[in-house]
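Coordinate inspection notes
Here is what each chain is made of, one letter per residue.
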Amino acid sequence: MQAQIHEQGPRLSVSTWSLHRTLGDPPSYGPEVAGPLPPRREGGIPLLELPERLAAFGIHTLEICHFHLPSRDPGYLDELRGALQAAQIELWSLLIDAGDVTDPAHGPRDEAWITGWLPVAARLGAARARVVAGKQPPGDETLARSEAGLRRLSATAQEHGLRLMTENWLGMMRNATVVNRLLDALDGQVGLCADFGNWQGPDKYDELAAILPRAESCHAKCHFDAAGVMDQTDYTRCLDLSRAAGFRGPYTLIYDGPDPDEWAGLARERAVVQPYVQPYPVR
């Protein structure tokens, strides 16, 4: 089965990470956790209620972090897929936020763990699954391990009707040179999610400009200081770069500011991003 590639044009999306507190601050975990899932804290809304809440908020595309799923039981996954369909929510991606295929000791274990999430993404009806390219520093050996692991994961993803993506995130993908080298080596088998907030420093905008032409989705993260003041200058500059690159995918709002009212934080981000999901002006 070939991977499904949804091409609907620019649109607003939300990651469940932006509603982590709303969902009760469930703990993250990775392949180092054996046996039952970690216990979840009391409080927060059930994930099953989120699709209806998101639709009422006026956004119809969602990404789900793996650790926000309280169960991988097929019955639960089918129930969640039904809730997404009933609310007319597109599940863009399952965000598999742990594992390191480049780890010299645990790479095979981690790759097997990541592989186990791909049928979960497919059962939920996701179009894509986003994985970590690697947590080790880039070098010829670690890049080779990353390429080999992502190639195998991509083949399995395609068997499940998914497209595999990675992100400019963590130790391996620390700059545009490495991102482009790895994706070029993979020859289109793996897509890119470009996150505005993962890179910092004086070269941030040049680095983002160098990868945004190949981005299939954007994690549109805005920085808020301790007082809750939005860095709108940085945010709009990143958005301008994405538009200049011809970006046509979902802008997934990423909010983790200090205000615990996450819906209010998302509303502030949405107000800035909304003009970028309108049709491009005719020149």
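Note: the structure precedes this text.
In short, a report on the structure. (Residues numbered from 1 in each chain as written. Predicted model: local features only at pLDDT ≥ 70, side-chain atom pairs only at ≥ 80, totals over all residues. Heavy atoms only, no water.)

Through backbone hydrogen bonds, the strands of a sheet pair up, either in parallel or in antiparallel fashion. Pairing within the closed barrel is parallel, and its eight strands lie in the order S1-S2-S3-S4-S5-S6-S7-S8. Each neighbouring strand pair of the sheet contributes to a mean axis angle of 30°, computed without reference to strand direction. Bridge count for strand S3 (residues 90-95) against strand S4 (residues 128-130) is three bridges, and the pairing is parallel. If you follow Leu95 over to S4, its bridge partner there is Arg130. (Pairing = 2+ DSSP bridges. Helix = DSSP H or I, 4+ residues; strand = E, 2+ residues; numbered from the N terminus. Axes fitted to C-alpha atoms, helices over the stretch in contact; angles between N-to-C directions.)

When you line up the elements, Arg163 lands in strand S5 (residues 163-167). At 3.0 Å, the side chain of Arg163 forms a polar contact with the backbone oxygen of Gly188. (Polar contact = N/O pair within 3.5 Å; in protein donor to acceptor, adjacent residues only side chain to side chain.)

We now examine helix H1 (residues 50-57). The set of residues buried in H1 consists of Leu50, Pro51, Leu54 and Phe57. One face of H1 carries all of its buried residues, which in axial projection span an arc of 120°. Facing away from the buried side of H1 by more than 90 degrees, the exposed set consists of Glu52 and Ala56. At its buried positions, H1 is contacted by strand S1 (11-15), strand S2 (61-65), helix H2 (74-86) and helix H8 (262-273). Downstream of H1 by a residue or two, Gly58 has a phi angle that is positive, lying close to 95°. (Buried < 20%, exposed > 50% of the residue type's maximum accessible area, 1.4 Å probe, protein only. Arc of directions from axis to C-beta. Contact = heavy atoms within 4.5 Å.)

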